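One-letter residues, chain by chain:
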Amino acid sequence: MVKCSAVQCVPGSADRGPCRYSTCQLRYTVAAQNKCAAGLKLWLRSKCHPLYYDTIINSRETIVLNIYQEYLLAMLKLRAYLKVSKLQLSKQELVNHLENCISYKYAQIRLLRREYGTVFKPPMDVLRWILYKAAAWCLKGKQNVLHGVAVELEKASKNDRYATIARTYNVSVSPSRSCAFKSIKI
């Protein structure tokens, strides 16, 4: 029998990295015919498993790390999608898509909590801050719209509004805890 208090559920593993994406280029895992908003929702839904949010098995910090890594993967897939599809989004369109991601993730977690009961449901501001951190980390690069949005989101994540959230969860969303995502090739 496994003692639940000693187990933490994190997608992927330390030795393999974030599963299958470390062995192939990410652009081969996205369909260019998907619309951007539909693709983001699909990428987030596929990783929304109740086990990753269960408060009996995981600490809040681990749950925040799981959400952060879901957002990291979705942002990397967004970069790959934009590269493959040659779609040009304005800053505002991109920010709107990201805000929709936050609302969608919040609704998913709310449904899981209703169904399973032991699911941690972070406040909307926590989800927003996590997405800002993930997007700022993933979208930086060449001087383009993505980089501009990344810089703005990084500034937003340091806003006083998120000071308490940052103090509480900054260790969970540290790039060192998700360094395997750096090895994913787009």
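Located above this text is the structure these notes cover.
Please read these numbers as outputs of a predicted model, since none were measured by experiment.

**Student:** I keep staring at the packing of helix H4 (residues 91-116) against helix H5 (residues 124-139) and nothing clicks. Help me out?
**Tutor:** When two helices pack together, their arrangement is captured by the angle between the axes and the distance separating the axes. Relative to each other, H4 and H5 sit at 130°, their axes nearing to 10 Å. The angle between H4 and H5 falls in the class oblique. With respect to the hand of their crossing, H4 and H5 are arranged in right-handed fashion. Mapping the contact onto sequence places Leu-98, Glu-99, Ile-102, Ser-103, Lys-105, Tyr-106 and Ile-109 in H4 and Met-124, Leu-127, Arg-128, Leu-131, Tyr-132 and Ala-135 in H5. Each residue belonging to the contact of H4 with H5 can be placed in one class, and the counts come to nine nonpolar, one polar and three charged.

**Student:** Explain the environment of Arg-60 to me, please; I cannot follow it from the model alone.
**Tutor:** Within the secondary structure, Arg-60 is located in helix H3 (residues 60-85). Residue Arg-60 is classed as partly exposed on the basis of its relative accessible area of 48%. For the pair Arg-60 and Phe-120, spaced 60 residues apart in sequence, the C-alpha separation works out to 7.3 Å. Apart from the residues within four sequence positions on either side, Arg-60 is in contact with Phe-120 and Tyr-169.

The rules behind these values
Residues numbered from 1 in each chain as written. Predicted model: local features only at pLDDT ≥ 70, side-chain atom pairs only at ≥ 80, totals over all residues. Heavy atoms only, no water. Axes fitted to C-alpha atoms, helices over the stretch in contact; angles between N-to-C directions. Helix = DSSP H or I, 4+ residues; strand = E, 2+ residues; numbered from the N terminus. Parallel < 35°, antiparallel > 145°, perpendicular 65-115°, else oblique. Left-handed = near helix turned anticlockwise from the far one by under 90°. Contact = heavy atoms within 4.5 Å. Nonpolar A, V, L, I, M, F, W, Y, C, P; charged D, E, K, R; others polar. Buried < 20%, exposed > 50% of the residue type's maximum accessible area, 1.4 Å probe, protein only.

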